[in-house]
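Residue strings, one per chain:
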Amino acid sequence: MSSDDEKPAADTPGAAKKNPPAPAGEARAERKSGDPRRSRTAIVIDALTTANSATVTVLAIVLALVVGALVIALSDQQVLDSMQYFFARPGDTFSAAWHAISTAYAALFTGSIVDPETLNYAWWGMASWTQVLTPISETLTFAAPLIGTGLAVGLAFRAGMFNIGAQGQAMMGAIGAGLVGFLLPWPPVIGVIAAVLGGLLGGSIWGMIAGWLKAKFGAHEVITTIMLNYIAAPSFVTWLVTQHGIQQPGRNDPISKPVVANAQLPHLFGSGLRANLAIVLVVAAAIGVSWLLRRSTLGFEFRAVGSNPNASRTAGININRTYLLVMIFAGALAGLGGAAIVLGNTPNSITPSVVGNIGFDGITVALLGRGKPVGTVLAGLLFGALQAGASQMQVTSQIPIEVSTIIQSLIVIFVAAPALVKAVFRLRAQRVGTIGQNLAKGWNG
């Protein structure tokens, strides 16, 4: 065979005409489609290194845990003692700090999710499964009312209203659910439904007052909801539960009769665990809010008014009606959070402090969740886990329970300051069309 025969066909005359090179656009598409795994990896890396909302939120949590670790280390007495001779033996300080931090965060995990040692014992029959499920049960118990009030704050914000009144609405929800729950001898199932509806009604009435004042007189909802918070608790509830027929017999302090058993929310994992139907109800409420905002005409009006009320009014949307309706819905959601406490937790009675601070905590949950239903559920679960694990952290490592509150506050601070998170982790600026762009539009996006 001659040397000419050994040449590739592309070198022969006319070969270029028979097989012309592909256009540049097609070549790029061919390269992209030829290696889909690489392109997907590149997309994920691009999403993780840009300042989109999802990445900023996750890194804000990480940064809060890092700063919280410093607080834990400085709260440990052994660390403080070793710092007195730090320059002589710095390793002792670092070792003590690592031990304090790892022990505290391990206790936070085992107290809110699962204890691997207990799980192993239960697997071999040396411990009960009730002990295994106790941490996650406590997390769900704490998370349920937080999700309810978080949804109340987030939904109002989507319509351009800052609902600070979730605390009062939750209290009125607890009052409505409690009154319905113990005033009548309810049959099974019917009692639970009636009590939950009582909670929704109590919260919605309290939210409707703020919405009506906004629609009728232009009163700012921040002022009215703050005042309604103080009216609901401690003033109104303290007066109510000391009335004859409502106050628990034999008691002189402000506490109502307990909710009858048939009106209490059923437990999910048995009577030995506190997790109850409330978590199912608030998740269903989140799904309903998501459908309302994305699929319904009313939800479109909420979002339109929140984005631009003047343009919405020009387009024919009744702004005053929207303000009234959104506060009714928001109040009902907060009322569900209050009902979850009085119907699901012992002693199932109304007191001036029965709802704690779930209304104010709901603001931080809504902020962390970006006002979106799914984000609010996840944020509620996170904060519920931090609250559930705080007690175990205090018992195991003698770290004050307030450290958990500090971590929650740090998370909110860093989420509210995305530029700081971007600078610390050197994230690239968000580009049009990348993952997370919709989340970065804000609560009304």
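Below or above, wherever it landed, is the structure these notes cover. Keep in mind that this is a model prediction, so the values were computed, not measured. (Residues numbered from 1 in each chain as written. Predicted model: local features only at pLDDT ≥ 70, side-chain atom pairs only at ≥ 80, totals over all residues. Heavy atoms only, no water.)

At a minimum axis separation of 6 Å, helix 9 (residues 166-183) and helix 15 (residues 319-344) run at an interaxial angle of 55°. Classified by the angle their axes make, helix 9 and helix 15 are oblique. Seen along the crossing, helix 9 lies across helix 15 with a hand that is right-handed. Residues Ala166, Gln169, Ala170, Gly173, Ala174, Ala177 and Gly178 of helix 9 touch helix 15, and the partners they reach there are Met327, Ala330, Gly331, Ala334, Gly335, Gly338, Ala339, Val342 and Leu343. Here the contact of helix 9 with helix 15 is built from residues that sort into 10 nonpolar, six polar and no charged. (Axes fitted to C-alpha atoms, helices over the stretch in contact; angles between N-to-C directions. Helix = DSSP H or I, 4+ residues; strand = E, 2+ residues; numbered from the N terminus. Parallel < 35°, antiparallel > 145°, perpendicular 65-115°, else oblique. Left-handed = near helix turned anticlockwise from the far one by under 90°. Contact = heavy atoms within 4.5 Å. Nonpolar A, V, L, I, M, F, W, Y, C, P; charged D, E, K, R; others polar.)

Attention now goes to the environment of Ala304. Assignment of secondary structure puts Ala304 in helix 13 (residues 297-307). Apart from residues no more than four positions distant in its own chain, Ala304 is found in contact with Pro309, Ser312 and Ile317.

This brings us to unusual backbone geometry. Geometrically, the link from Ala233 to Pro234 is a cis peptide bond, its omega value of 10° lying close to zero. Even without a glycine there, the phi angle at Arg370 is positive, about 60°. Although it is not a glycine, Gln398 adopts a positive phi angle of roughly 55°. Checked against the element boundaries, Gln398 lands in the loop between helix 17 (373-397) and helix 18 (402-416). Gln398 sits in the exposed class, given a relative accessible area of 60%. (Buried < 20%, exposed > 50% of the residue type's maximum accessible area, 1.4 Å probe, protein only.)

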